[in-house]
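A closer look at the structure
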Amino acid sequence: MSYPFQIQSLDQYKQDYQRSIEKPEEFWLSVADSFFWKKKCQAGDKVLDWNFTEPKVEWFKGAKLNITENCIDRHLDKLADKPAIIWEPNNPEERVRVVTYKRLHKRVCQVAQMLKNNGVKKGDRVCIYMGMVPELAYAVLGCARIGAIHSVIFGGFSAQSIADRLDDANAEFIITCDGAYRGAKDIPLKSVIDDALIGNKKIKKVIVYTRTRTPVSMIKGRDVWWEDEMLHAEDQLEHSGEFNFPAEEMDAEDPLFILYTSGSTGKPKGVVHSCAGYMLWTTYTFVNVFQYKQGDIHFCTADIGWITGHSYIVYGPLSAGGTSVMFEGIPTWPDAGRFWDIVDKHKVNILYTAPTAIRSLMSFGSAPFEGKDLSTLKVLGTVGEPINEEAWHWYDEQVGKKRCPIVDTWWQTETGGVLISNMAGITPSKPGWATLPMPGVQPLLVDENGKEATEKNEDGFIKGNLCIKAPWPSILRTTYGDHERCRQNYFATYENLYFTGDGALKDEHGNYRITGRVDDVLNVSGHRIGTAEVENAINMHAGVVESAVVGYPHDLKGQGIYAYVIYNGTHGDEEMRRKDILQTVTRVIGPIAKPDKIQFVSGLPKTRSGKIMRRILRKIAEGETQNLGDTTTLLDPGIVEEIRSGKI
Ligand code: WT7
């Protein structure tokens, strides 16, 4: 079965694209027709109200819905006994859990009841810090059921990062696990939460799900066990006549969730998405990009702590009535055949992963594929960073056996879902290119003056900074608690344009190739990390005077983190100092932000006004020794030679 809004051919793509640009309101209203509304957009209602100066974007305001009724209830008629989530544990020996739509409904209603019992109300912020267990999906959807705003934090962030986010979001509730399994490790999540809560007076309740049975401290009056609370909720619902927790009526524009992401300043921003636009976009793109058909098994390898997991493990697939594989572990444990095991075992049709994972698996050669049946695969996808041609071809040949289209999906936390990508089997792919915009998306490449870029590079491609001209339904609405920051960050660089922070090329057919960030944001293994954030963390180390962080090309991670550090402490030798700095970064941000290289320097190349010339530092980190460009404006040109000769 296909969906009413499913694009079936290249011609239809062209027509739909045209229509979506000429008559966006009409176009998205017709897509909205395939969803379940508590109150539809009425004739005469404004479908879209927007300006990019404030900025203000409102889609379907006044219409009412609950996203969980779209992800669950509306499927119960036909799909009650079909799997919504297939959960694959970290340890392949452990039992798989298959969660049908009926079971999902039951669990999400229980979570909603449990949250209510614990004092959570519509609009409250609930922080979720869990491993990849089905309960994480229940928690997310349970929040959405009662209209609470979830803010999921990836398990790799430190107590300090959690504390900052709790504070920024003014959160009063936390859902966590005792611990999480990841490969050979278990990560003591509750204990990290305990550290984050030292001195915190705002958190009223911490709900703890038992996964690893690691000992945890439970504070009376504040900490409760998920299992106890869920049993109690089940009892209440069982005695209520019908096992259902009525879904809260939400306005289309009510916030659905906050997700923190790094930018070019030191402080992560809480990106806010709203209910209806996000629902429409994740469903529409899920169905069209992957060409999902009822019954297909979709395996997105991301963590729900990132936007990819929100949109293409939970909301998109479930709203489409699909089956989503949720994987607790990592690609290389117990061996590098783990993904192929899962594809074989669950007869996966669509595999969606990151170039960094592909590159890492490439290095193991073809042995991990032996005896694994990958013939069910129909579509492959990538996300998170540009894919190099070598990895693209390996993915195509080894995994897809040259019969599966590869979709290269470009998007961001702020965009909610895919904006530029080919559509599997419908629009052509081009290795290394995200290719064409989705209907409703109007990209524009601009030069440094904000004018439409026209100049071509030596290959005949137009090169510029990637902007979007008009709002699509799931554009971010604000950054939590600080709307001005949202304006500054995304809408102030170029007038009347959303600026993505990415550079791109465009060919004569209108295909886009994303070349990477043009701001001070790094992309390490598909994760966004701000250089200023890492610098702040390094500078917190007692012996550090100043630091400058840049990215450099890294074979596996895409980009590595290179830190230049001025150190005046007396403690330990160089190696010890490096380790202490890494420990500090781990404490302040988390292990994901640890620099790959630390070079101690006596000074940094600065202009007379005190600005660090990152361009020079970047070139040195990249291994460029000759053309460092103009260094005459530097306060102390001599420092460049010292840094260059000390490169590691
Ligand atoms: C940044 C967004 C989108 C979910 C995962 C990352 C880079 C993302 C691609 C792609 C080239 C890509 C961009 C973007 N990026 N997808 N297909 N090709 N670059 O979300 O953490 O918000 O990061 O990831 O630089 O701005 P995110």
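Report follows, based on the coordinates. Please read these numbers as outputs of a predicted model, since none were measured by experiment. (Residues numbered from 1 in each chain as written. Predicted model: local features only at pLDDT ≥ 70, side-chain atom pairs only at ≥ 80, totals over all residues. Heavy atoms only, no water.)

Some thoughts on the overall build of the protein chain
What the protein chain contains, in helices and strands, is 19 helices and 30 strands. Since a compact globule built from 648 residues should have a radius of gyration of about 26 Å, the 24 Å found for the protein chain is in line with a globular shape. Oriented by its inertia axes, the alpha-carbon framework of the protein chain measures out at about 80 × 60 × 55 Å. Among the 648 residues that make up the protein chain, the fraction classed as buried is 59%. The average position of the 76 basic charges and that of the 84 acidic charges among the side chains of the protein chain differ by 2 Å. (Helix = DSSP H or I, 4+ residues; strand = E, 2+ residues; numbered from the N terminus. Rg over C-alpha atoms; globule rule 2.2 N^0.38 Å. Buried < 20%, exposed > 50% of the residue type's maximum accessible area, 1.4 Å probe, protein only. Lys, Arg positive; Asp, Glu negative; His and termini not counted. Charge placed at Lys NZ, Arg CZ, Asp CG, Glu CD.)

Here we look at the site of the ligand
Taken together, 17 residues form the shell around the ligand, and within it Asp408, Thr409, Thr413, Asp502 and Arg528 come nearest. Within the side chain of Asp408, a nitrogen or oxygen atom sits 2.7 Å from a nitrogen atom of the ligand. At 2.6 Å from an oxygen atom of the ligand is found a side-chain nitrogen or oxygen belonging to Thr413. In the complex, 96% of the free accessible area of the ligand, which totals 560 Å², lies under the protein chains. Every element with two or more residues in the shell around the ligand is listed here: helix 11 (307-319), strand 20 (406-409) and strand 25 (512-517). Its residues assigned to classes, the shell around the ligand comprises six nonpolar, six polar and five charged. (Near = heavy atom within 4 Å. Polar contact = N/O pair within 3.5 Å; in protein donor to acceptor, adjacent residues only side chain to side chain. Areas by Shrake-Rupley, 256 points an atom, 1.4 Å probe, with all protein chains shown as cover. Nonpolar A, V, L, I, M, F, W, Y, C, P; charged D, E, K, R; others polar.)

Quick notes on empty space enclosed by the protein
Applying the stated criterion across every chain yields a total of two cavities of 30 Å³ or more. One number sums up the size of the largest cavity: a volume of about 50 Å³. Contributing to the lining of the largest cavity are Ser151, Val152, Ile153, Phe154, Phe157, Arg165, Leu259, Tyr260, Gly305 and Trp306. Its residues placed into classes, the lining of the largest cavity shows seven nonpolar, two polar and one charged. Every residue lining the second largest cavity is listed: Asn66, Ile67, Ala144, Gly147, Ala148, Met250, Pro255, Leu256 and Cys275. Among the residues forming the lining of the second largest cavity, the class breakdown is seven nonpolar, two polar and no charged. (1 Å grid on protein atoms, 1.4 Å probe; cavity = no way out; pocket = protein on both sides within 12 Å on 5 of 7 lines; lining within 4 Å. Points joined across faces, edges and corners; volume = space filled by probe spheres on them.)

Focus: the packing of aromatic side chains
Going through the model one piece at a time under the given rule, you end up with 41 aromatic pairs. Relative to Phe339, the ring of Phe327 has its centre 6.3 Å away and its plane inclined at 75°; by these criteria the two rings are edge-to-face. On the criterion of sequence distance, the pair formed by Phe327 in strand 17 (residues 323-327) and Phe339 in helix 12 (residues 338-346) is long-range, its members being 12 residues apart. In terms of burial, Phe327 and Phe339 fall into one category: buried. Over the aromatic face of Phe243 sits the side chain of Lys106, whose NZ or CZ is 5.3 Å from the ring centroid. Between Lys430 and the ring centre of Trp433, over which it is positioned, the NZ or CZ distance is 4.0 Å. (Phe/Tyr/Trp six-rings, centres within 6.5 Å; stacked < 30°, edge-to-face > 60°. Lys NZ or Arg CZ within 6 Å of the ring centre and 35° of its normal.)

What about the packing of helix 10 (residues 275-289) against helix 11?
Running from N to C, helix 10 and helix 11 cross one another at 90°; their axes reach a closest spacing of 8 Å. Classed by the angle they form, the pair helix 10 and helix 11 counts as roughly perpendicular. Residues Tyr278, Met279, Thr282, Thr283, Thr285 and Phe286 of helix 10 lie in contact with helix 11, whose contacting residues are His310, Ser311, Tyr312, Tyr315, Gly316, Pro317 and Ser319. Taken together, the residues that form the contact of helix 10 with helix 11 break down as six nonpolar, seven polar and no charged. (Axes fitted to C-alpha atoms, helices over the stretch in contact; angles between N-to-C directions. Parallel < 35°, antiparallel > 145°, perpendicular 65-115°, else oblique. Contact = heavy atoms within 4.5 Å.)

A word on the nonpolar core
Phe60, Leu104, Ile128, Trp226 and Tyr315 are the most contacted members of the largest nonpolar core, which totals 163 residues. Take this core: its biggest share by element is 10 residues, from helix 10. If we ignore the near neighbours within four places in the chain, the residues touching Trp226 are Val111, Met114, Glu135, Tyr138, Ala139, Ile175, Ile207, Val208 and Tyr209. Within the second largest apolar cluster, 28 residues are counted, among which are Val343, Leu361, Leu374 and Ala391. (Core = buried A, V, L, I, M, F, W, Y, C linked by side-chain atoms within 4.5 Å.)

Brief notes about unusual backbone geometry
Cis rather than trans, the peptide bond between Glu54 and Pro55 has omega equal to -5°. The residue Pro55 is located in the loop between strand 1 (48-51) and strand 2 (56-59) in this model. In this chain, Trp333 is followed by Pro334 through a cis amide linkage whose omega measures -5°. Here Pro334 shows up in the loop between strand 17 and helix 12. In this model, Arg213 sits at a positive phi of 55°, which is unusual for a non-glycine residue. Examined against the element boundaries, Arg213 turns out to sit in the loop between strand 11 (205-209) and strand 12 (223-225). According to the relative accessible area criterion, Arg213 is exposed, its value standing at 71%. The phi dihedral of Asn496 falls on the positive side, at around 60°, and the residue is not glycine. Turning to its location among the elements, Asn496 is positioned in the loop between helix 15 (483-491) and strand 24 (498-506).

What about the pattern of salt bridges?
The full count for this structure, using the stated rule, is 38 salt bridges. Across the pair Asp296 and Lys378 runs a salt bridge, and its minimum N-O distance is 2.9 Å. Separated by 82 residues along the polypeptide, Asp296 in the loop between helix 10 and strand 16 (297-300) and Lys378 in the loop between helix 13 (355-362) and strand 19 (379-383) bring together distant segments of the chain. Between Glu385 and Arg359 there is a salt bridge, and its shortest N-O distance comes to 3.0 Å. Within this pair, whereas Glu385 is found in the loop between strand 19 and helix 14 (389-399), its partner Arg359 is found in helix 13, the two being separated by 26 residues in sequence. A relative accessible area of 9% means that Arg359 is categorised as buried. It is possible to trace a salt-bridge network through shared partners that takes in Lys190, Asp194, Arg222 and Asp223. (Salt bridge = Lys/Arg side-chain N within 4 Å of Asp/Glu carboxyl O.)

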